[in-house]
Amino acid sequence: MQGNGQSALSMNVEPTTIIKKKSTWRKMLQNWELYLFIAPAFFYFLIFHYGPMYGIQIAFKNFIPAKGIMGSPWVGFDHFERFFNSYYFWDLLWNTLSISLYELAIGFPLPIILALAFNEVKDGFFKRTVQTVTYAPHFISVVVMAGIIITFLSPSSGIIIHILTFLGIDAPSFLTDPAWFKTMYVLSGVWQSTGWGTIIYLAALSGVDPQLHEAAVMDGASRWQRIWNINIPTIVPTITILLILNMGSILGVGFEKILLLQNPLNMEASDVISTFVYRSGLIDAQYSFSTAVGLFNSVVNAILLVTVNQIARRTSETSLW
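Rules of the game
- Residues numbered from 1 in each chain as written.
- Predicted model: local features only at pLDDT ≥ 70, side-chain atom pairs only at ≥ 80, totals over all residues.
- Heavy atoms only, no water.
- UniProt positions renumbered as here; feature names shortened; annotations may be inferred.
- Helix = DSSP H or I, 4+ residues; strand = E, 2+ residues; numbered from the N terminus.
- Core = buried A, V, L, I, M, F, W, Y, C linked by side-chain atoms within 4.5 Å.
- Buried < 20%, exposed > 50% of the residue type's maximum accessible area, 1.4 Å probe, protein only.
- Contact = heavy atoms within 4.5 Å.
- Axes fitted to C-alpha atoms, helices over the stretch in contact; angles between N-to-C directions.
- Parallel < 35°, antiparallel > 145°, perpendicular 65-115°, else oblique.
- Left-handed = near helix turned anticlockwise from the far one by under 90°.
- Nonpolar A, V, L, I, M, F, W, Y, C, P; charged D, E, K, R; others polar.
- Salt bridge = Lys/Arg side-chain N within 4 Å of Asp/Glu carboxyl O.
- Patch = residues over 30% accessible without salt bridge, like charges linked within 9 Å, V, L, I, M, F, W, Y side chains within 5 Å.
- Areas by Shrake-Rupley, 256 points an atom, 1.4 Å probe, with all protein chains shown as cover.

In the nomenclature of an unreviewed UniProt entry, the protein is known as ABC transporter permease subunit of Paenibacillus profundus. In UniProt, the protein has this text filed under Subcellular location (unreviewed entry): "Cell membrane". Turning to the protein, the UniProt annotation filed under Sequence similarities (unreviewed entry) states: "Belongs to the binding-protein-dependent transport system permease family."

Following this line, the structure appears as structure tokens:
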């Protein structure tokens, strides 16, 4: 009796599973245009983001190109221990964290403030002009941006240096003084990205019901009170999502701009994890060691992302998942 019951149950389960599979394939065939539309993005991430993850294992091996990944001997966590015990570990970590937090503290609230200001200005020539001027730097490439910074701050021909000298101010060595590197890097990045960052917040502000402002005006609310009690609560979910994403990349300082502005004199403040990975991996050919350092960087970013997201879930209703 028991054997017959089990066989009957399995016979009932198998047709149900087959029906579900057929239903899924039928839905996919009916909506093939949508799947074709997302196919390029799907294959892009599959080939260029998930495929290379196979090579992460060389962080735990002594990779020898002649032997390949599979033939290289395992060394476990030796490369991680070497990095953690090195004299430059804390300097790299401090430079990376300080630049990221500095950029987050200055660059994150400015697009919010600018979007709130744009939202209060009536549509017209002035508003369109200011928006265009603030958006335009975003389209300047990193190489051109680094060239502009070097040209403007050059001790011999820099226009900013000449202006400061004309005003009687002793111009500091922006390009060679380690004390000025982080400020120069962050402020140039803020100038380039602030206007573009306002687009997301302006899109969120466009969803504010005009009747709320009309009712607030009827109740005698000032413009500042309407901004504080209507506009800002509307964009709080957007602010939360972007803050989570920014915290998830806190150690992900890009090496392109830093590498272009880096020189032996400011190396004390400009050397970050990404530039160290570039030098050790591509220049010094320490493939396993640089992969271990990069993997450490990615794992810390992932942990921060999950942690901040969990905090956001517990303190508000907005989170990534």
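After that view of the structure, there is still more to cover.
*Asks:* Whenever I open this one, unusual backbone geometry confuses me. Can you help?
*Replies:* Note on backbone geometry: most residues besides glycine have negative phi, and most peptide bonds are trans. The backbone of A285 shows a phi angle near 60 degrees, a positive value even though the residue is not glycine. Mapped onto the elements, A285 comes out in the loop between α15 (273-283) and α16 (287-315).

*Asks:* Looking at this structure, I do not really get the nonpolar core. What am I missing?
*Replies:* Most often, soluble globular proteins have nonpolar side chains that are buried together. In this structure, I99, I149, F181, M184, Y185 and I258 are the most contacted members of the largest nonpolar core, which totals 19 residues. Ranked by residues supplied to this core, first place goes to helix α10 (residues 178-205) with five residues. With residues near it in sequence (within four places) discarded, F181 still touches I99, I258, L261, N266, A269 and S270. Ranked by size, the runner-up nonpolar core spans 18 residues in total, among them F108, I112, V208 and I230.

*Asks:* Which parts of the structure should I look at to understand the packing of helix α6 (residues 109-120) against α10?
*Replies:* Their axes nearest at 7 Å, the elements α6 and α10 cross at an angle of 55 degrees. Taken together, the axes of α6 and α10 lie oblique to each other. Crossing handedness for the pair α6 and α10: right-handed. Along the contact surface, α6 presents L110, P111, I112, L114, A115, L116, F118 and N119, while α10 presents V190, T194, G195, G197, T198, Y201, L202 and L205. Within the contact of α6 with α10, the residues separate by chemical class into eleven nonpolar, five polar and no charged.

*Asks:* Help me understand the UniProt feature "transmembrane region" (unreviewed entry) in the protein, please; the structure alone is not making it clear to me.
*Replies:* Here, UniProt's "transmembrane region" (unreviewed entry) annotation points to residues 32-51, 92-118, 139-169, 189-208, 228-255 and 287-308. Taken end to end, residues 92-118 is 96% helix and 0% strand, and its first and last C-alpha atoms sit 39 Å apart. Between the end C-alpha atoms of residues 139-169 there is a gap of 33 Å, over a span that is 61% helix and 0% strand.

*Asks:* What exactly am I supposed to notice about the environment of N62 here?
*Replies:* Mapped onto the fold, N62 is located in the loop between α2 (32-50) and α3 (68-71). Along the sequence, N62 and D123 sit 61 residues apart, while their C-alpha atoms lie 62 Å from each other. Discounting residues that sit within four places of it in the chain, N62 has contacts with S72, P73, V75, H79 and S288.

*Asks:* Sorry, what's going on with the pattern of salt bridges here?
*Replies:* It is possible for side chains bearing opposite charge to pair when their charged atoms get close. Throughout the structure, instances matching the rule amount to two salt bridges. Among the salt bridges present, the one from R223 reaches E120, with a minimum N-O distance of 3.4 Å. Of this pair, R223 sits in helix α12 (residues 223-248) while E120 sits in helix α6, and the two are 103 residues apart along the sequence.

*Asks:* What exactly am I supposed to notice about a nonpolar patch on the surface here?
*Replies:* On the surface, a nonpolar cluster with roughly 1,000 Å² of combined accessible area is contributed by F42, F43, Y44, F45, L46, I47, F48, Y50 and M53. Structurally, M53 is set in the loop between α2 and α3. Overall, the relative accessible area of 46% leaves M53 in the partly exposed class.

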